[in-house]
Amino acid sequence: MFATKTITGSFAGMIHGLTVNNLTEQVIQRSKRMILDTLGVGLIGTTTEVFHKALQYSRIYSTDISSTVWGQPDLRLPPLYASFVNGIAVHSMDFDDTWHPATHPSGAVLPSLVALSESLSTHHKKSGLDFLLAFNVGIEVQGRLMHFSNEASNIPKRFHPPSVVGTMGSAAASSKFLGLDQTQCRDALAIAASYSGAPLANAATQTKPLHIGNAGRHGLEAACFAFLGLQGNKHILDLESGFGAFYHDYDPQAVPSLESYSWLLEKQDVAVKRFPAHLGTHWATDAACAVRKHIVRDSHSLPVNDIQKIQLKVPDVKYVNRPFPSSEHEARHSFQFNACTALLDGNVSVHSFADHNLSRPELKALLGKTEIVHPPDNKPNFDKLYCEISITMTNGATFTERCNTFYGHWRNPLSNKDHQKKFISNASMVLSADGVEGIIEVVKNLENISDCSVLSSFLRLRNQTTDKHERSLHNKS
């Protein structure tokens, strides 16, 4: 008899038992926005150096079963490694969605499902609704696991969350998509737990995107092992020495019954980033853009020499407190860099992290005038934190602005127009117009599509103008 009374058993029952009839209209619409955004940031992520290093490594693997590498029309990889490199692309600019408690939910799940959709035989093709269900199961498992810890509610200090819960979410989504039975779903979670975890010390380095790539790949691999009959601890989610090893205050609970199931995504949306940087910096960027309007009047340039001091009131998050970042990855994890760039330019964009922008004398001058303050009421929590910026001029005037909720946060989501605009801007860097438009239409109508693998056909329609840049990165790596 299957042990459904355990926490692990209840999760396996949920993964196996949820059907497309459990999906609500709100969950479908929110998850489609997540899918479109993740595809966009993954596509522009294929232009990065870290993606090309991972691709160069993964090309050594070959198999009769292969899947699309996004934006690469002439290159296919085994599903595990397609999931790996595409997941790395998604997080290579820190441009992907973020949830609360803190994690990047979509990047650990979507690349695995896209890769799997192509690997199934013609007789076992999955519909768009099947795809949406598996995606949401993967998102749901991540959210449920994080809600078992108060520690997880705050910005992390030890483990990078996608490497922990993302691996479990990928295993759950892959298990659902592959149609594993309840026992196999339980074993997939147990196997995935042994793949989970990466130290936060590698944040702000080229290694951090590997955390998402590995989460997707290892979760998919765990599901494949479970399908083959490999077994793990039947109580992996119940034990302090199991999944509880990642959180000092782990307190798991059984999931609700399927008859009255309510999705976490229905209760809380995700944050969709407007800037390719750590989510915490978005408060600083919006506050800086607001205070800039008091200083920049008729002239379009910031009077850097007239600024005496910049004060940022932010939570105490050490790995995002980087006064003088020396690389693009450090800059993406710097309150100071993003606030000062927003002051200079009125915006933060993909191009803000290019070497020539990092080394600007006027930017370094502003960074030298910036100090960080940690008010005791400003908690390191994506649902509660704020940023207040004060600019003191050499003439004594002071200008202050505060951001409590930036545009793109789940409390203040992007409009559909701005959401699609972000996708088009990102995807157009890699794909042809036909590819961009095709993905928009597929995702828009995903619940009505009979074969979800059609999505990959558009992910291969490359914009040929990017070839020169791709060759440059390949030679560099």
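Residues numbered from 1 in each chain as written. Predicted model: local features only at pLDDT ≥ 70, side-chain atom pairs only at ≥ 80, totals over all residues. Heavy atoms only, no water.

- Looking at an unreviewed UniProt entry, one finds the protein named Cis-aconitate decarboxylase, with Aquarana catesbeiana as its source organism.
- Recorded in UniProt for the protein, the comment headed Sequence similarities (unreviewed entry) runs: "Belongs to the PrpD family." (UniProt positions renumbered as here; feature names shortened; annotations may be inferred.)

Some words on the UniProt feature "domain: MmgE/PrpD N-terminal" (unreviewed entry) in the protein
And then number 1: Here the UniProt-annotated "domain: MmgE/PrpD N-terminal" (unreviewed entry) positions come out as residues 10-250.
And then number 2: Within residues 10-250, the helical portion is 54% and the strand portion 2%, while the C-alpha atoms at the span's ends are 17 Å from each other. (Helix = DSSP H or I, 4+ residues; strand = E, 2+ residues; numbered from the N terminus.)

Some details on the UniProt feature "domain: MmgE/PrpD C-terminal" (unreviewed entry) in the protein
And then number 1: Per the UniProt annotation, the sites labelled "domain: MmgE/PrpD C-terminal" (unreviewed entry) are residues 275-447.
And then number 2: Helix makes up 39% of residues 275-447 and strand 14%, and the two end C-alpha atoms of the span are 29 Å apart.

Observations concerning the sheet that holds strand β4 (residues 370-373)
And then number 1: Spatially, the 4 strands line up as an open sheet ordered β4-β3-β5-β6, and their pairing is mixed. Every interior strand has two partners, whereas the edge strands, β4 and β6 (398-403), have only one. Neighbour-to-neighbour, the strand axes of this sheet turn through a mean angle of 15°, independent of strand direction.
And then number 2: In this fold helix α11 (residues 280-295) packs onto β5 (387-393) and β6, with an angle of close to 145° to the strand it touches most, β6. (Pairing = 2+ DSSP bridges. Axes fitted to C-alpha atoms, helices over the stretch in contact; angles between N-to-C directions. Contact = heavy atoms within 4.5 Å.)

Considering the environment of S175
And then number 1: Examined against the element boundaries, S175 turns out to sit in helix α7 (residues 161-178).
And then number 2: For S175, a relative accessible area of 1% gives the class buried.
And then number 3: When the C-alpha atoms of S175 and D238 are compared, they prove to be 20 Å apart, with 63 residues separating the residues in sequence.
And then number 4: Residue contacts for S175: discarding those within four places in its chain leaves I15, L180, C185, A188 and A223. (Buried < 20%, exposed > 50% of the residue type's maximum accessible area, 1.4 Å probe, protein only.)

Things to note about the pairing of β5
And then number 1: With 7 of 7 residues buried, β5 is to be regarded as a mostly interior element.
And then number 2: Looking at chain direction, β5 and β6 are connected through 6 bridges and run antiparallel. Note that in β6 the partner of I391 across the bridge is F399.
And then number 3: Adjacent in sequence and paired antiparallel, β5 and β6 are bridged by 4 residues, among which G396 carries a positive phi angle near 95°.

A closer look at helix α5 (residues 110-119)
And then number 1: Burial within α5 is extensive, with 9 of its 10 residues counted as buried.
And then number 2: Every buried residue of α5 is accounted for by L110, P111, S112, L113, V114, A115, L116, S117 and E118.

Section: the environment of V320
And then number 1: Residue placement: V320 occurs in the loop between β3 (307-313) and α12 (328-331).
And then number 2: A C-alpha to C-alpha distance of 8.3 Å links V320 and E330, two positions 10 residues apart in sequence.
And then number 3: With near-sequence residues (within four places) excluded, V320 lies in contact with H278, T281, H333, S334, F335 and Q336.

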